[in-house]
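A structural walkthrough
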Amino acid sequence: MEIAISIQKIAKEYNGLRAVDDVSLEVQAGTIFGLLGPNGAGKTTLIKILTTLMRPTSGSASVEGHDIQTQGKAVRRLIGVVPQENNLDRYLTARENLTLHARMHGMHRRDFNPRIDELLELTGLSGRQHDFPDTFSGGMQRRVVVARALVHNPHVLFLDEPTAGLDPQSRRALWDYILSLRSKMTIFLTTHYMDEAEELCERIVIMDHGKILVDGTSEQLKEAFAHSHVYELEFRADGDRYEELIRSLPFIESLERRGGVFRLSLPGEEYLKPLMDSIGSGDIKKICLREPSLEEVFLELTGRKVRE
Ligand SMILES: Nc1ncnc2c1ncn2[C@@H]1O[C@H](COP(=O)(O)OP(=O)(O)O)[C@@H](O)[C@H]1O
Ligand SMILES: [Mg+2]
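Residues numbered from 1 in each chain as written. Chains lettered and ligands numbered in written order. Predicted model: local features only at pLDDT ≥ 70, side-chain atom pairs only at ≥ 80, totals over all residues. Heavy atoms only, no water.

This next bit is on the overall build of the chain. Regarding its fold elements, the chain presents 11 helices and 14 strands. Here the C-alpha coordinates of the chain stretch approximately 75 × 45 × 40 Å along the principal axes. Counting only residues that meet the buried cut, the chain has 47% of its 308 residues in that class. Looking at the chain alone, contacts between residues at least 24 apart form 68% of all its contacts between residues at least 6 apart. Here the chain has roughly 15500 Å² of accessible surface; of this, 49% comes from carbon and sulfur atoms. Computed over 39 positive and 46 negative side-chain charges, the inter-centroid distance for the chain is 6 Å. (Helix = DSSP H or I, 4+ residues; strand = E, 2+ residues; numbered from the N terminus. Buried < 20%, exposed > 50% of the residue type's maximum accessible area, 1.4 Å probe, protein only. Contact = heavy atoms within 4.5 Å. Areas by Shrake-Rupley, 256 points an atom, 1.4 Å probe, with all protein chains shown as cover. Lys, Arg positive; Asp, Glu negative; His and termini not counted. Charge placed at Lys NZ, Arg CZ, Asp CG, Glu CD.)

It is worth spelling out the pairing of strand E9 (residues 203-208) at this point. Taking burial as the measure, the six residues of E9 include five buried ones, the bulk of the element. In terms of strand pairing, E9 meets strand E10 (residues 211-216) through five bridges, oriented antiparallel. Paired with Val205 across the strands is Asp215, a residue of E10. Counting the residues between successive antiparallel strands, the hairpin from E9 to E10 contains two residues, one of them, His209, with a positive phi of roughly 50 degrees. (Pairing = 2+ DSSP bridges.)

Attention now moves to the side chain of His101. Its place among the elements puts His101 in helix H3 (residues 94-104). Side-chain polar atoms of His101 contact the backbone oxygen of Arg148, separated by 3.3 Å. (Polar contact = N/O pair within 3.5 Å; in protein donor to acceptor, adjacent residues only side chain to side chain.)

Turning to the site of ligand 1, a few remarks are in order. Close to ligand 1 lie Tyr14, Leu17, Ala19, Pro38, Asn39, Gly40, Ala41, Gly42, Lys43, Thr44 and Thr45, which account for all nearby residues. One of the backbone nitrogen or oxygen atoms of Ala41 is found 3.1 Å away from an oxygen atom of ligand 1. With respect to ligand 1, the side chain of Lys43 contributes an N or O atom lying 2.8 Å from an oxygen atom. Starting from 570 Å² of accessible surface for ligand 1 in isolation, the protein chains cover 61%. For the shell around ligand 1, the secondary structure elements donating two or more residues are strand E2 (17-28) and helix H1 (43-50). (Near = heavy atom within 4 Å.)

What follows deals with the domain arrangement of the chain. Domains assigned within the chain are domain 1 (3-223) and domain 2 (227-291). Measuring from the centre of the C-alpha atoms in domain 1 to the corresponding centre in domain 2 gives 44 Å. (Domains from an automatic or database assignment.)

What follows concerns the sheet that holds strand E11 (residues 229-235). Strand order in this open sheet of four strands is E12-E13-E11-E14, and the pairing throughout is antiparallel. Each end of this open sheet is capped by a strand with a single partner; those strands are strand E12 (254-258) and strand E14 (284-290). Ignoring which end each strand starts from, the neighbouring axes of this sheet average 20 degrees apart. Across six bridges, the pairing between E11 and strand E13 (residues 261-266) is antiparallel. Bridged to Tyr231 within E13 is Leu264. Across the face of the sheet, helix H9 (residues 239-248) comes into contact with E11, E12 and E13 while running at roughly 170 degrees to E12. (Axes fitted to C-alpha atoms, helices over the stretch in contact; angles between N-to-C directions.)

Structure follows, in structure tokens:
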């Protein structure tokens, strides 16, 4: 498979702080790649370097074979960028924002007009194209930024936290749109939402403190890093009696109760039999293994301390 983005030991220091710390990575063409990490992990810094907005302190990278430091112009022609903060021109309408972008890329009116019509249609913005961004919801503004990034038919699309702060409907709409681009171009997105990474990304890299921690599909990461064995148990009756009993068992790692449903974690599946032996199976209505989530993997790797 072809490599769309190639990164060799990229580092970025801000006054001694290594925001990106020797990251090496290759992204296959035509895939949706997800860079997942908590606030301050270094995601935006890495995107800024790859999109030629910022120079690395050391290391090198290329997009479709073009060096980001010596062939910046060629790189910028190939890429579309959706930055973390919406940077629409508020004195231009949605359509004018797209037109300005097309002109800056040297496109001809006869090429960009039909392209802009198409993008406005696909992102559901046709009806509002002559309105100003300030009159749009967060989700609509985000869609304008995505549409703008696609005007010049980029091969590689960078999306920095595309759905941060959006309501569930707007997120879903944007996800569907991103999924519709799958295999038509390479997509490099950052997020701190596990569900987003799971839904969209064929490959996920988790980074923190400037370094890559793990790399794989969501299935691979869950299999390798979610150690807990979490079961859900539901009783027909008398939950209170069982709660006391379960809490008294020495091998129960944690227990949460919601009404008649208990969620408990065991150190390993070999503890399931002793658990069943102690509670007896008579009153159990349901027992099931809960799939480990990407969130558990993320918290295990990046810790539970709150980031600002
Ligand atoms: N322009 C800057 N000057 C100084 N420090 C910065 C600058 N931009 C980011 N940082 C710091 O670098 C680290 C990584 O930031 P960033 O790349 O924005 O992470 P993320 O996008 O994963 O939240 C953070 O500690 C942040 O405070
Ligand atoms: Mg960021």
